Amino acid sequence: MPDAYILGIESSCDETAAAVVRSGEQVISNVVASQIAMHQPYGGVVPELASREHLRAIVPVVRQALAEAHQNYQSVDAIAVTQGPGLAGALLVGISYAKTLAFALDKPLIAINHLEGHIHAVLLEERQKGNHEVQFPVLALVVSGGHTHLYLAAQKSQGWTYENIGHTRDDAAGEAFDKVAKLVGLGYPGGPIVDRLAPHGDPNAVKFPPAQIKHRDRRSHRREDRRGPKEMESDRLRFDFSYSGIKTAVLRYVEIHDMHRSIEIRRKALANISKPKLEDYLANCDKRTLDLVASFQRAIVEDLVGKTLAAARAYDVATLFVTGGVAANSELRSTFERNGAQEGLPVYFPSRPLSTDNAAMIAAAAYPKFLAKDFAGMDFSAEANLLLR
Ligand code: KG4
Ligand code: ZN
């Protein structure tokens, strides 16, 4: 099989990204234009602004990815693009451009689920390191700003299938990081800031009660699921998450300890620094705040690791993947590595640049579909709530 060069395009949230990946196993170029600075003053992603910024960035980002890969529009073998889930307007920018390229160049077009992309970021880098022998069954935790999902992943002939065995009932883990950071005046996005501040606080200072989730005998919960009849009938063990309670607990802690004034002072001080460094954050945080964020992170990490390893044991999986933006978190990585090793379970993460949103993962996920000639028609559209199955 000759090498296939796939151009990947990703625009589901606040990153405009394009990449060229060879045969699902070698990143040739990987360009990410982040909109973080633009959304920062609003403390979160503003969908309308995101779409406009994608429109501005998409052509130069794709050109740069091709140039860095020493490829051109004609030389790539296929064009892959994120179909969903994500912000509808943002997704449409990538999809429209990918369709235009595929039509004008007469190249195959491949539609990719963003969550499948995050899973393939792990596979891509393992292959890149020479590991072609991932042991099945695989359990994948996709943990990001929009998702906290557990999938059993299986390879069927050339394609992949996924079974969801758990997801968040409310906030995603990354969303909780972002909301808590905003609440204590640390800015956006919260995950990377909390990650760097947590080692400076006491993770045992504040006790957060574990999230109470009624699992209805831990079997697939039927009513609140928007899944198809096949899955609704399934009677498999479930491992769901919930992170809105901890956010409320942080808010209560802030109120009880009368922290609002100091938070406002911090917010203003940090807003006046164009790119705050760790020292700037530390200079503006008292011990109580550092203890709070360290304890918050510890609680989230323990919950994610505890539930995921319980699911791994219940389904007797051979390998665990942890991927998505929150997989960049240092404490999450070290805890998974330590606890996974104790159970004899290999745990794979993407490198940090491929943990957060990128297009290399989209091009990698497209490769099995390219081999299977599983191409998209020109009539597919953005699906904000696209499910992975
Ligand atoms: O995968 P991603 O780039 O976008 C989504 O698909 O959502 O994930 C972004 C999320 C944000 O919530 C961000 O705060 C979080 O990942 N994040 C982190 C870290 N880096 C990014 N959370 C905790 N620790 C980090 N180091
Ligand atoms: Zn993502």
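Computed from a predicted model, the values in this text were never measured in an experiment.

Criteria and cut-off values
Residues numbered from 1 in each chain as written. Chains lettered and ligands numbered in written order. Predicted model: local features only at pLDDT ≥ 70, side-chain atom pairs only at ≥ 80, totals over all residues. Heavy atoms only, no water. Salt bridge = Lys/Arg side-chain N within 4 Å of Asp/Glu carboxyl O. Helix = DSSP H or I, 4+ residues; strand = E, 2+ residues; numbered from the N terminus. Buried < 20%, exposed > 50% of the residue type's maximum accessible area, 1.4 Å probe, protein only. Phe/Tyr/Trp six-rings, centres within 6.5 Å; stacked < 30°, edge-to-face > 60°. Lys NZ or Arg CZ within 6 Å of the ring centre and 35° of its normal. Pairing = 2+ DSSP bridges. Contact = heavy atoms within 4.5 Å. Axes fitted to C-alpha atoms, helices over the stretch in contact; angles between N-to-C directions. 1 Å grid on protein atoms, 1.4 Å probe; cavity = no way out; pocket = protein on both sides within 12 Å on 5 of 7 lines; lining within 4 Å. Points joined across faces, edges and corners; volume = space filled by probe spheres on them. Nonpolar A, V, L, I, M, F, W, Y, C, P; charged D, E, K, R; others polar. Expected span 1.5 Å × (residues − 1). Polar contact = N/O pair within 3.5 Å; in protein donor to acceptor, adjacent residues only side chain to side chain.

Participant: I tried to follow the pattern of salt bridges on my own but got confused; where do I start?
Facilitator: Here the idea is simple: oppositely charged side chains can pair when their charged atoms come close. Considering all chains together, one arrives at 16 salt bridges under this definition. Here Lys287 and Asp291 are joined by a salt bridge, their closest N and O atoms 2.6 Å apart. Of this pair, Lys287 and Asp291 both sit in helix H11 (residues 287–314), four residues apart, which is roughly one turn of that helix. Note on Asp291: relative accessible area 9%, which makes it buried.

Participant: Looking at this structure, I do not really get the packing of aromatic side chains. What am I missing?
Facilitator: Where two aromatic rings form a pair, the distance of their centres and the angle of their planes describe that pair. Taken as a whole and judged by the stated rule, the model has eight aromatic pairs. For the pair Phe370 and Phe375, a centre-to-centre distance of 6.3 Å together with 55° between the ring planes defines the contact as tilted. The exposure class assigned to Phe370 is buried, which follows from its relative accessible area of 14%. Here Phe375 falls in the partly exposed class, since its relative accessible area comes to 34%. Joined through ring pairs, the aromatic side chains of Phe136, Tyr151, Trp160 and Tyr162 make up one cluster. Taking the ring centre of Phe380 as reference, the NZ or CZ of Lys99 above it sits at 5.1 Å.

Participant: So what exactly am I meant to see when it comes to the sheet that holds strand E6 (residues 138–143) here?
Facilitator: Paired through their backbone hydrogen bonds, the strands of a sheet run either parallel or antiparallel. Taken together, the five strands give an open sheet; going across it, the order is E8-E7-E6-E9-E10, and neighbouring strands pair in mixed fashion. Where the open sheet ends on each side, the last strands, each with one partner, are strand E8 (159–167) and strand E10 (347–348). Of the pairings in the sheet, the one linking E6 to strand E9 (residues 319–323) comprises five bridges and is parallel in character. Paired with Val142 across the bridge in E9 is Thr323. In the packing of H11 onto the sheet, contacts are made with E6, strand E7 (148–156), E8 and E9, and the angle to E6 comes to roughly 155°. Against the sheet, helix H12 (residues 330–342) touches E6, E9 and E10, its axis set at about 175° to E9.

Participant: Quick question: what am I supposed to make of the layout of surface pockets here?
Facilitator: Left-over empty space is what a probe sized like a water molecule reveals as it rolls over the atoms. If you add up the space inside the second largest pocket, you get close to 360 Å³. Phe208, Pro209, Pro210, Ile246 and Ala299 are the residues nearest the centre of the second largest pocket, which is lined by 20 residues in total. Of all the elements in the fold, those that place two or more residues in the lining of the second largest pocket are helix H8 (244–256) and H11. Among the elements that take part in the lining of the second largest pocket, H11 stands out by supplying six residues, more than any other. When the residues that make up the lining of the second largest pocket are grouped by side-chain class, the tally is 11 nonpolar, five polar and four charged.

Participant: Would you take a moment to explain H12 for this structure?
Facilitator: Since there are 3.6 residues in each turn of an α-helix, residues three or four apart along the chain are aligned in direction. For H12, which comprises 13 residues, the first-to-last C-alpha distance of 18 Å matches the rise-based estimate of 18 Å (1.5 Å per residue) to within 8%. Looking at H12, one finds that the buried residues are Glu331, Leu332, Arg333, Thr335, Phe336 and Gly340. On its buried side, H12 packs onto E6, helix H6 (190–197), H11, E9, E10 and helix H13 (352–355). Its side-chain oxygen placed 3.1 Å from the backbone nitrogen of Glu331, Asn329 serves as the N-cap of H12. Gly344 sits one or two residues past H12 and shows a positive phi near 70°.

Purely geometric stuff here, so don't read any function into it on its own.
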